[in-house]
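# Inside the fold
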Amino acid sequence: MVDKIRIQGGIPLKGRLPISGAKNAALPILAAALLTDEPLHLENVPDLADMTSMQRLLQLLGAAITFQPGDGRKLSLHVPEMLSTEAPYDLVRKMRASVLVLGPMLARMGQARVSLPGGCAIGPRPVDLHIKGLEDLGARITLERGYINAQCDGRLKGAAIRLPFPSVGATENLLMAATLAKGETVIANAAREPEIVDLAHCLLAMGARIEGIGSDTLHIQGVERLHGARHAVMADRIEAGTYVIAAAITRGDLVLEGASPELFGAADETLAAAGIELSPVEGGMRVRPVAEGLRGTDVMTQPFPGFPTDLQAQFMTLMCVADGAAMITETIFENRFMHVPELTRMGARITVHGGSALVRGVPSLMGAPVMASDLRASVSLVLAGLAAEGETTVNRIYHLDRGYERLEAKLAACGAVIERIA
Ligand code: EPZ
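Below or above, wherever it landed, is the structure these notes cover. (Residues numbered from 1 in each chain as written. Predicted model: local features only at pLDDT ≥ 70, side-chain atom pairs only at ≥ 80, totals over all residues. Heavy atoms only, no water.)

## Some details on the overall build of the protein chain
Helix and strand counts for the protein chain come out as 14 helices and 24 strands. Taking the principal axes of its C-alpha atoms as reference, the protein chain extends roughly 65 × 45 × 40 Å. Across the 422 residues that make up the protein chain, the buried fraction comes to 58%. The long-range fraction of contacts in the protein chain, counting pairs at least 24 apart against all pairs at least 6 apart in sequence, stands at 73%. Total accessible area on the protein chain is roughly 16,000 Å²; 52% of this is exposed by carbon and sulfur atoms. In the protein chain, 40 side chains carry a positive charge and 46 a negative one; their mean positions are 3 Å apart. (Helix = DSSP H or I, 4+ residues; strand = E, 2+ residues; numbered from the N terminus. Buried < 20%, exposed > 50% of the residue type's maximum accessible area, 1.4 Å probe, protein only. Contact = heavy atoms within 4.5 Å. Areas by Shrake-Rupley, 256 points an atom, 1.4 Å probe, with all protein chains shown as cover. Lys, Arg positive; Asp, Glu negative; His and termini not counted. Charge placed at Lys NZ, Arg CZ, Asp CG, Glu CD.)

Here it is, written out as structure tokens:
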């Protein structure tokens, strides 16, 4: 069933909108359950397609997963013993984050067989940094017939690792593997995304010994075993950032429950420069555009604390209806401008040269049928539809369900005229 979303644009969003748990924190934290034979109790878990995919993979590996009746955001994972150490192609190809079971499986079982994730819409997305780091920790890794085969005799051994690029996934895989390695591991040039901080806090609760959390150098003292724990997943800063832009582009006034400005790193300066007022309120954050309107603002995506690549498409949509021009440069992924041709069909004026897009603001976008592609490009088309004159239909929206919980319901509760049609 290929669903689509139909939106009548031009309505300012007003009201309160709850922010769910962070997908990109919950996914590695689910994988961390493999590091212990005791139960891991999680709260504020988002209800997303990617979460279901990861849970299915973990069940294949031996995890028993139970949800708290009546509260889908609370779940417990228990892996008393590993039933398999293989992550098969048909699961991994659907979701790249499946590769995050590689480090934990190797650390716990001394072996792992994980399908190479393959590319995806936004680029080839290799895992060479994951593999090199695990070899530094003493693993012997061969690649054959599309699979990563990893072995180590006994425990992994602590090592000094320097990442050539602060890869989020590689930092997470290596951090988890190092918690059970023998001796100290140092990960230099580590990624610093808040989701990695959240994973590290969960690992500390499980008995891991980690220093330098939130910095670009992580020191991990390996321990013999980890124990069960309870952890509440952080709020999703990318979901929050998406709704910040929804409030701004519809000239509305929203309170995002559970979100906080410091989640945005340097992005909040860019958002303020673009004419968005973020102010903390009880239990969340209030968002509205400044009276003078939106201003064209240049942005370059960078690893945290720079402007997040996962907000690039959404910000570009905002710039389409700002006063003046904005130069948007994507430095993280090779091909993350798939929203451009679709926005152009809605009347946007965007010129792409390699990794940079020059956006010239127009008074208004015009509703049109458009095609979704990767997760964040898809939601940028929903944002465009909310602001455009007339009706917009976004096709092929299964991507949205991967990363946005109850998107239409949350927007409709704030006045949007939006519906899913099969
Ligand atoms: C994580 O992906 C996120 N996914 C992505 O969010 C996010 O865009 C990305 O980090 C950057 O912030 C999850 O957390 C599940 P990377 P990840 O390793 O770990 C290259 C979303 O929309 N690279 O930091 O895959 C890679 O090709 C998703 O929620 C290597 O070359 O990102 C890319 O160009 C999209 N070799 C760049 O680094 C490697 O071994 C960033 O990748 C690893 C990565």
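Resuming the write-up.
## A word on the site of the ligand
Every one of the 22 residues lining the ligand counts as a neighbour, but R96, D128, L129, D310 and I332 are closest to it. Within the backbone of V168, an N or O atom sits 2.8 Å from an oxygen atom of the ligand. At 2.6 Å, a side-chain N or O of D310 approaches an oxygen atom of the ligand. The fraction of the free accessible surface of the ligand (830 Å²) that becomes covered by protein chains is 88%. Contributions of two or more residues to the shell around the ligand are made by α1 (23-32), α5 (128-136), α6 (168-178) and α12 (375-387). A total of three residues in the shell around the ligand trace back to one element, the largest contributor, which is α5. (Near = heavy atom within 4 Å. Polar contact = N/O pair within 3.5 Å; in protein donor to acceptor, adjacent residues only side chain to side chain.)

## Comments concerning helix α10 (residues 312-320)
In an α-helix, one full turn covers 3.6 residues, which means residues spaced three or four apart are oriented alike. Within α10, nine of the nine residues are buried, which leaves it mostly tucked inside the rest of the structure. Looking only at α10, the buried set comprises Q312, A313, Q314, F315, M316, T317, L318, M319 and C320.

## Description of the sheet that holds strand β12 (residues 209-211)
Pairing within the open sheet is mixed, and its four strands lie in the order β10-β11-β13-β12. At either margin of the open sheet sits one strand with a lone partner, and together these are β10 (160-162) and β12. Within the sheet, the average angular offset between the axes of one strand and its neighbour, ignoring direction, is 15°. The sheet contact formed by β10 and strand β11 (residues 184-188) spans three bridges and is parallel. (Pairing = 2+ DSSP bridges. Axes fitted to C-alpha atoms, helices over the stretch in contact; angles between N-to-C directions.)

## As for the sheet that holds strand β16 (residues 276-281)
Here four strands make up an open sheet; going across it, the order is β2-β15-β17-β16 and the pairing mixed. Lying at the two open borders of the sheet, with one neighbouring strand each, are β2 (14-18) and β16. On average, adjacent strands in this sheet sit at an angle of 20° to one another, irrespective of strand direction. Note: strand β15 (residues 253-257) against strand β17 (residues 284-289), four bridges, orientation antiparallel. Each residue of the ladder has a partner; that of L256, found in β17, is M285.

## Looking at the side chain of T317
Counting through the fold element by element, T317 comes out in helix α10. According to the relative accessible area criterion, T317 is buried, its value standing at 0%. If we ignore the near neighbours within four places in the chain, the residues touching T317 are I249, L343, S380, L383 and A384.

## Considerations on α5
For α5, the set of buried residues is L129, H130, I131, G133 and L134. Tucked inside the fold, the buried residues of α5 contact α4 (102-109), β8 (140-144), β9 (147-151), β10 and α6. At the C-terminal side of α5, G138 shows a positive phi close to 100°.

## Observations concerning the nonpolar core
Counting residues in hydrophobic clusters, the biggest one holds 151 residues, and the most contacted among them are V101, L175, L203, L256 and F315. At nine residues, the largest contribution of residues to this core is made by helix α8 (residues 237-249). Setting aside anything within four residues of it in sequence, one finds F315 in contact with I245, T270, L271, A274, T297, V299, F307 and I328. (Core = buried A, V, L, I, M, F, W, Y, C linked by side-chain atoms within 4.5 Å.)

## Considering the pattern of salt bridges
Counted according to the given criterion, the structure contains 24 salt bridges. One salt bridge in this structure joins R230 and E43, with 3.6 Å as the shortest N-O distance. Remark: E43 occurs in strand β3 (residues 40-43) and R230 occurs in strand β14 (residues 229-232); sequence separation between them is 187 residues. Taking relative accessible area as the criterion, R230 reaches 55% and is therefore assigned exposed. Note on E43: relative accessible area 25%, which makes it partly exposed. (Salt bridge = Lys/Arg side-chain N within 4 Å of Asp/Glu carboxyl O.)

## Focus on the environment of I148
Among the secondary structure elements, I148 is positioned in strand β9. Since its relative accessible area comes to 0%, I148 is described here as buried. C-alpha separation for the pair I148 and V114, spaced 34 residues apart in sequence, amounts to 5.1 Å. Contacts of I148, omitting those with residues within four sequence positions, involve L102, A112, R113, V114, L116, V127, I131, I141, T142 and L143.

## Examining the packing of α5 against α6
At a minimum axis separation of 8 Å, α5 and α6 run at an interaxial angle of 25°. Regarding the angle of α5 to α6, the classification is roughly parallel. Crossing of α5 against α6: the hand is right-handed. Of the residues in α6, those in contact with L129, H130, G133 and L134 of α5 are G169, A170, N173, L174 and A177. When its residues are assigned to classes, the contact of α5 with α6 shows five nonpolar, four polar and no charged. (Parallel < 35°, antiparallel > 145°, perpendicular 65-115°, else oblique. Left-handed = near helix turned anticlockwise from the far one by under 90°. Nonpolar A, V, L, I, M, F, W, Y, C, P; charged D, E, K, R; others polar.)

By themselves, these are just geometric observations and shouldn't be taken as functional.
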